[in-house]
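Chain residues, written in single-letter form:
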2 protein chains.
Amino acid sequence: MSNYYHELAAKLFDDIEKDTADSAGVSRPAYSDIETRTLAYLEAFAKENGLASCSDAAGNLIFSRPENIDAKEYILIGSHADSVPQGGNYDGLAGIIAGLLCLLKASETSATFKHPVKVMALRGEESAWFGPCYISSKALLGQLSADELSSKHKSDGRTLREHMEAVGIDTAPIAEQKPLLASEEVLQYIELHIEQGPLLVEKKIPAAVVSGIRGNFRHKRIRCVGEAGHSGAVPRAYRKDAVMAFADLMTRLDESWLTILQKGNDLVLTSGMMGTEPAKHAMTRIPDEVGFSLDIRSQSSHVLEAMKLMLRGEMATISLDRGVRFEMDEEHSVAPALCDPQIVEGLSEAMQATGREPFVMASGAGHDAAVFANSGIPTGMIFVRNRNGSHNPLEAMEISDFMVGTEILFQYLTE
Amino acid sequence: MSNYYHELAAKLFDDIEKDTADSAGVSRPAYSDIETRTLAYLEAFAKENGLASCSDAAGNLIFSRPENIDAKEYILIGSHADSVPQGGNYDGLAGIIAGLLCLLKASETSATFKHPVKVMALRGEESAWFGPCYISSKALLGQLSADELSSKHKSDGRTLREHMEAVGIDTAPIAEQKPLLASEEVLQYIELHIEQGPLLVEKKIPAAVVSGIRGNFRHKRIRCVGEAGHSGAVPRAYRKDAVMAFADLMTRLDESWLTILQKGNDLVLTSGMMGTEPAKHAMTRIPDEVGFSLDIRSQSSHVLEAMKLMLRGEMATISLDRGVRFEMDEEHSVAPALCDPQIVEGLSEAMQATGREPFVMASGAGHDAAVFANSGIPTGMIFVRNRNGSHNPLEAMEISDFMVGTEILFQYLTE
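Not measured: the values here are computed from a predicted model. (Residues numbered from 1 in each chain as written. Chains lettered and ligands numbered in written order. Predicted model: local features only at pLDDT ≥ 70, side-chain atom pairs only at ≥ 80, totals over all residues. Heavy atoms only, no water.)

Would you mind going over helix H3 (residues 93-108) of chain A with me for this structure?
Since the α-helix turns once every 3.6 residues, residues separated by three or four places project in the same direction. For H3 of chain A, with 16 residues, the first-to-last C-alpha span of 23 Å sits near the 22 Å given by 1.5 Å per residue. Across the 16 residues that make up H3 of chain A, a large majority, 14, are buried. (Helix = DSSP H or I, 4+ residues; strand = E, 2+ residues; numbered from the N terminus. Expected span 1.5 Å × (residues − 1). Buried < 20%, exposed > 50% of the residue type's maximum accessible area, 1.4 Å probe, protein only.)

Structural data, given as structure tokens:
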């Protein structure tokens, strides 16, 4: 894409960053006036550039070339306008701007879309504000639960429903779980997003095609309970050391992880929060309790099921070996969402056509795309290289990489 | 020993427990009026029973048969009168009462001691009150440092020196590190103490001979520093996961531990306090920091030196494997204290002579005996079976087991 689009993209990112700046990074709360202002800015830009736009029943904005705004069969390019508190500017916003640039370029060149294209700027994707994630896409597809609708804002304690109504959304049909989108009209859902991991940076590749979104199962706090004792006075054979048992478990899970990867399967595994009990632990006290979280993700539901069994099995063996017990908390799980193989193929061909070796990778983080994919809409994603992860002010996408991703998208839509 | 001594011991333990009871267990703070009261109670009992007594320059009480109070060559039976806050009644006190019973029995029977015997009720052994441990024995041997003397009480913030003076001790010679005890007069130092681990309970043995006191090296907080990242988005190969690195380290140390034990060497190893950083950890964030303590003990200084090297070596390998770094804090170490082989032999023979299979074991916890042993005084210890560890109100020694230990001591002193 020409330098013109590069500069246009830079200006759009800059303007919105300035308008939504926080003491660090940007804050565009879900269903807030700031989010509404970002949508209004995008709508004004679209109108100035001859594009059509309209709102939907979930408060999202839809853009298209004027002749396509009422199309009954279309490809939907979607991404979210909100950010986490003090987040980066690109997570979400990049996908909307990429879609808008594709519409503009199609208007200004002789290229034509294979199918009508609509671009959707979604509200409320981030879980940071109310707890639930993918709020808008769930609402559109009639999947927002009563619990989610009555979840409370992290700061002001008002419910999601109140916040939705405050920005003008009629929440009655959402509460009744009526689909607000005619999903049979959506031929495909495509989302461009910054990569939230380091793979493209490490591999020196500006953009990639996504094969699917990892599902996961999570435990917020599993307890490993052993027995306290004097650190100097209890021989190894009589210990029930919860820290040693936890170390065993992590080492064994790590070994299984390596084996699973070596066999070509997908897996990531994290214990992000763990520790002995500050109220009773001491340097000279054999630790009788460790609490720890687990977050296990894979693109394959078979791998996730195998890991659930593996986890129970290792815990059972370690309990016998070490004289400890593991107390599980509630398991939360999300099914993996596979991208449509034909779309993956098509996006790979588009990548090739723009002069780059196709690269396909899994998405570890969740996206609105997962909701569309799991609702039966053929779905695809493009990742753009990005440094320093996301959900923090250091998030760093190069506009030139963004243009590579946008070019792949444009190529896919027109070829 | 006859039922008379059994009941006498029970009464002494009971009286002192009642006098020093706290809301849970007993509290006999080092260099406090309560500790002074316990010494005064014991002195009154000794006098009533025809024993001689005197104070020493460190505020300890010495008991003996009247003809031995000025003996210039003697065996010293020592133990401490203080307890930890809300501790058990037997830790320390058992050794004093055992000594007193031996003096009484020698007075009341025809048995004669091989050497004159003095029994010392020591003050201030527990580190819980001021930080330093073995305060009285260090003071007696001219080894209490200026830092230790100016350490502050855990509750009132007054220094150890002030507390010593408040109970009538002249601290000037202690500050000058002048020995207050003519150590060349002490032929042997013998201490009876409850076992603070579960070995005798597990082995169903009422008492044991101690081979030595484990030395140790300790780290209060080592940091393992990796790199944060999105738990779903960073593949295994690009992670610098501090929790996985910590688990590796503990698993490898545990493997070395097992090997060292299998070769017949002595070792215990504990990470009693560890965890990710609550200020920044999250279930979906790859942990970039783990802090952990280490307490590694052995009777062998060679094993301790080997473990120091092993620790550094494993950390270096894991740093390479995992892309993390380990930041060491200051190392604190205490040399192992070996009991005198002839005393171990003699106490074993005494155990045999009282009709029990000799059993020799290491002491994992530290004792005043370590200070005497490391000052060149031939030292021995007897352990008495005790449930539930020590330093807590659940500490549980049976008087009948205590009588077995006291009998071994009496046999040793007279035979």
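Please explain the interface of chain A and chain B as it appears in this structure.
Where interface size is given, it is often the accessible area lost as the parts come together that is meant. Each partner contributes to the interface: chain A provides 55 residues, whereas chain B provides 55 residues. For the pair chain A and chain B, the two sides together bury roughly 4600 Å², of which 66% comes from carbon and sulfur. Taken together, the connections running from chain A to chain B amount to four salt bridges. Two residues, Asp254 of chain B and Arg236 of chain A, come together in a salt bridge whose shortest N-O distance is 3.1 Å. For the side of chain A that touches chain B, the element with the highest residue contribution is helix H9 (residues 242-262) of chain A, accounting for eleven residues. Class assignment of the residues belonging to the side of chain A that touches chain B gives a composition of 25 nonpolar, 16 polar and 14 charged. (Contact = heavy atoms within 4.5 Å. Buried area = accessible area lost by both parts, 1.4 Å probe. Salt bridge = Lys/Arg side-chain N within 4 Å of Asp/Glu carboxyl O. Nonpolar A, V, L, I, M, F, W, Y, C, P; charged D, E, K, R; others polar.)

Looking at this structure, I do not really get the environment of Gln143 of chain B. What am I missing?
Residue and element names in this part refer to chain B. Position of Gln143 relative to the elements: it lies in the loop between helix H4 (135-140) and helix H5 (146-149). For Gln143 and Pro179, which are 36 residues apart along the polypeptide, the C-alpha to C-alpha distance reads 7.7 Å. Sequence-distant contacts of Gln143, defined by excluding residues within four places in its chain, comprise Lys138, Glu148, Gln177, Val371 and Ser375.

Looking at this structure, how should I read the packing of helix H1 (residues 3-19) of chain B against helix H3 (residues 93-108) of chain B?
Pairs of packed helices are described in terms of their axes, by the angle between the two and the distance that separates them. Residues and elements named next belong to chain B. Orientation of H1 relative to H3, taken along the N-to-C sense of each, is 140°, at an axis distance of 11 Å. H3 is crossed by H1, and the crossing has right-handed handedness. Between H1, through Tyr4, Tyr5, Leu8, Ala9, Leu12, Phe13 and Ile16, and H3, the contact on the second element is made entirely by Leu93, Ala94, Ile97, Leu101, Leu104, Lys105 and Glu108. Partitioned by chemical class, the residues of the contact of H1 with H3 number twelve nonpolar, no polar and two charged. (Axes fitted to C-alpha atoms, helices over the stretch in contact; angles between N-to-C directions. Left-handed = near helix turned anticlockwise from the far one by under 90°.)

It is not clear to me how the packing of H3 of chain A against helix H13 (residues 399-414) of chain A should be interpreted in this structure. Could you clarify?
Residues and elements named next belong to chain A. Viewed as axis vectors pointing N to C, H3 and H13 meet at an angle of 55°, and their least axial separation amounts to 9 Å. In this view, H3 runs oblique relative to H13, as classed from their interaxial angle. In the crossing of H3 with H13, the sense of the turn from one axis to the other is right-handed. Only Phe402, Met403, Thr406, Leu409, Phe410 and Leu413 of H13 make contact with H3, whose side of the interface consists of Ala94, Ile97, Ala98, Gly99, Leu101, Cys102, Lys105 and Ala106. Residues of the contact of H3 with H13, tallied by class, amount to eleven nonpolar, two polar and one charged. (Parallel < 35°, antiparallel > 145°, perpendicular 65-115°, else oblique.)

Sorry if this is basic, but what is going on with the pattern of salt bridges here?
Two side chains carrying opposite charge are able to pair once their charged atoms lie near each other. Evaluated as defined, the whole model comprises 56 salt bridges over all chains. Through salt bridges that share partners, Arg221, Arg223, Glu277, Lys280, Arg285, Asp288, Glu289, Arg325 and Glu327 of chain A make up one connected network.

Please explain the domain arrangement of chain A as it appears in this structure.
All names here are of chain A. Examined at the domain level, chain A breaks down into domain 1 (3-214 + 336-413) and domain 2 (216-334). With nine residues of domain 1 in contact, the opposing surface of domain 2 contributes ten residues. For the pair domain 1 and domain 2, the summed buried surface comes to about 690 Å²; carbon and sulfur atoms form 50% of the total. Contact with domain 2 buries surface across domain 1, with Arg214, Pro336 and Gly364 losing the most and accounting together for 76% of the total. (Domains from an automatic or database assignment.)

Please clarify how the relation of the copies chain A and chain B should be interpreted in this entry.
Mapping between the two copies of the chain is achieved by a rotation about an axis and a shift along the axis. Note on the copies: chain A fits chain B at an RMSD of 0.2 Å, the axial shift is 0.1 Å, and the rotation between them is 180°. Taken together, the turn and the small shift mark the pair as related by a two-fold rotation axis. When you check the interface residues of chain A against chain B, 100% turn up at the interface there too, and the contact is symmetric in its surfaces. (Least-squares fit on C-alpha atoms with pLDDT ≥ 70 in both.)

Which parts of the structure should I look at to understand the pairing of strand S3 (residues 74-80) of chain B?
Each regular strand shows side chains that alternate between the opposite faces of the sheet. All names here are of chain B. Within S3, seven of the seven residues are buried, which leaves it mostly tucked inside the rest of the structure. Bridging between S3 and strand S5 (residues 186-194) involves four bridges; their strand directions are parallel. Its bridge partner being in S5, Ile77 is matched across the sheet by Ile190. (Pairing = 2+ DSSP bridges.)

Which parts of the structure should I look at to understand H9 of chain A?
Residue and element names in this part refer to chain A. Its 21 residues give H9 an end-to-end C-alpha distance of 30 Å, which sits within 8% of 30 Å, the value for a rise of 1.5 Å per residue. Of all 21 residues that make up H9, 16 are buried, and the element is covered over most of its length. Sitting at the head of H9, Asp241 places a side-chain oxygen 2.9 Å from the backbone nitrogen of Val243. Positive backbone phi, at 90°, marks Gly264, one or two positions downstream of H9. (Polar contact = N/O pair within 3.5 Å; in protein donor to acceptor, adjacent residues only side chain to side chain.)

Honestly, the packing of aromatic side chains in this entry has me stumped. Any pointers?
Think of a pair of aromatic rings as described by two things: how far the centres are apart, and how the planes are tilted against each other in angle. Considering all chains together, one arrives at 14 aromatic pairs over all chains under this definition. When the centroid spacing of 4.0 Å and the interplanar angle of 5° are considered together, the rings of Tyr189 of chain A and Phe372 of chain A count as stacked. Placement of Tyr189 of chain A in strand S5 (residues 186-194) and of Phe372 of chain A in helix H12 (residues 368-374) is noted, with a sequence separation of 183 residues between them. We classify Phe372 of chain A as buried; its relative accessible area is 0%. Look at Phe113 of chain B and Phe410 of chain B: their rings are 6.5 Å apart centre to centre, the planes differ by 70°, and that puts the pair in the edge-to-face class. Taken together, the residues Phe113 of chain B in the loop between H3 and strand S4 (117-122) and Phe410 of chain B in helix H13 (residues 399-414) connect sequence positions 297 residues apart. Across the pair, exposure class does not vary: Phe113 of chain B and Phe410 of chain B are buried alike. A network of ring pairs unites the aromatic residues Phe13, Tyr90 and Phe402 of chain A as a single cluster. Sitting over the ring of Tyr74 of chain A, Lys118 of chain A keeps its end group 4.2 Å from the ring centre. Note that Arg236 of chain A overlies the ring of Trp257 of chain B, its terminal NZ or CZ placed 5.5 Å from the centroid. (Phe/Tyr/Trp six-rings, centres within 6.5 Å; stacked < 30°, edge-to-face > 60°. Lys NZ or Arg CZ within 6 Å of the ring centre and 35° of its normal.)

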